[in-house]
Amino acid sequence: MRVGAGGAGRSETERGSVAIEAAMLVPVFIVLIALVVAAGRVRTVDGAVAEATRDAARAASLVAPADAVAAGQRAGAATLSNQGLTCQVSVVPHLNAAPGQVGTVQATILCEVPVSDLLWSGLTGHVPVKDTFTSVVDSYRSN
């Protein structure tokens, strides 16, 4: 075994192997970093959607039945807007409960989180984030 001018015990047949190993591993690291960024983005949106869903259901449960859907959609959209998100907000009131039963309002929000803007990673498409929350109608709400 002949030691090259670079020393450190590498033979001439091993020259350049570090560059080849790096060329093979760099794409793997790029994909791993992209997956971490995408997961962080989805987790952040998931928290915002959960907060907006609670806000929408609670706002709808505090107003008169005729205004419940509009109030819930406004509250959910406002919370999402504060986070820079635009999502589908659905509010379904169940206000005509049987005597002795409480009414509820169910809010559902669906967001599509884009990951295709991470072009350098090769990821494409959108990740759906959905949350549903049910709030009991406030018995002291306005009628």
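One can find the structure itself at the top, above this paragraph.
Parameters at a glance
Sequence order as written defines residue numbering, which begins from 1 separately in each chain. Local features in a predicted model are, by the rule used here, given only for residues with pLDDT of at least 70; side-chain atom pairs are given and counted only at 80 or more, and totals for whole chains, interfaces and linings are based on all residues. Excluding hydrogens and water, the side-chain values take into account all heavy atoms of the structure. Disulfides are defined in this document as cysteine sulfur pairs within 2.5 Å. Each helix is a run of H or I in the DSSP string that is no shorter than four residues. Each strand is a run of E no shorter than two, and both are numbered from the N terminus. The buried label applies to any residue whose accessible area, calculated with a 1.4 Å probe on protein chains only, is under 20% of its type's maximum; exposed applies above 50%, and partly exposed to all values in between. By the convention used here, strands pair only if DSSP detects at least 2 bridges between them. Only the contacting stretch of a helix is used when fitting its axis, a line to C-alpha atoms as for every element, and angles between N-to-C directions run 0 to 180 degrees.

Student: What is the right way to look at the state of the cysteines in this model?
Tutor: Among covalent bonds in proteins, the disulfide is the one between the sulfur atoms of two cysteines. Enumeration according to the criterion identifies one disulfide in this entry. One disulfide in the model links cysteine 87 with cysteine 111; its S-S distance is 1.5 Å. Disulfide cysteine 87-cysteine 111: torsion about the S-S bond near 85 degrees, hence right-handed. With cysteine 87 in the loop between α2 (68–82) and β1 (88–94) and cysteine 111 in strand β2 (residues 104–114), this residue pair connects regions lying 24 residues apart in the sequence. Under the relative-accessibility criterion, cysteine 111 is labelled buried at 3%.

Student: Please clarify how the environment of glycine 103 should be interpreted in this entry.
Tutor: Relative to the elements of secondary structure, glycine 103 occurs in the loop between β1 and β2. Taking the C-alpha atoms as reference points, glycine 103 and valine 136, 33 residues apart in sequence, are found 6.1 Å from one another.

Student: Help me out: how do you make sense of the sheet that holds strand β3 (residues 126–136) in this one?
Tutor: What links the strands of a sheet is backbone hydrogen bonding, and the strands pair in either a parallel or an antiparallel sense. Here we have three strands laid out as an open sheet, ordered β1-β2-β3, and antiparallel in their pairing. Here the strands that pair on one side only, and so sit at the sheet edges, are β1 and β3. Taken pair by pair, the neighbouring strands of this sheet meet at an average axis angle of 15 degrees, ignoring direction. Alignment of β1 against β2, held across seven bridges, turns out to be antiparallel.

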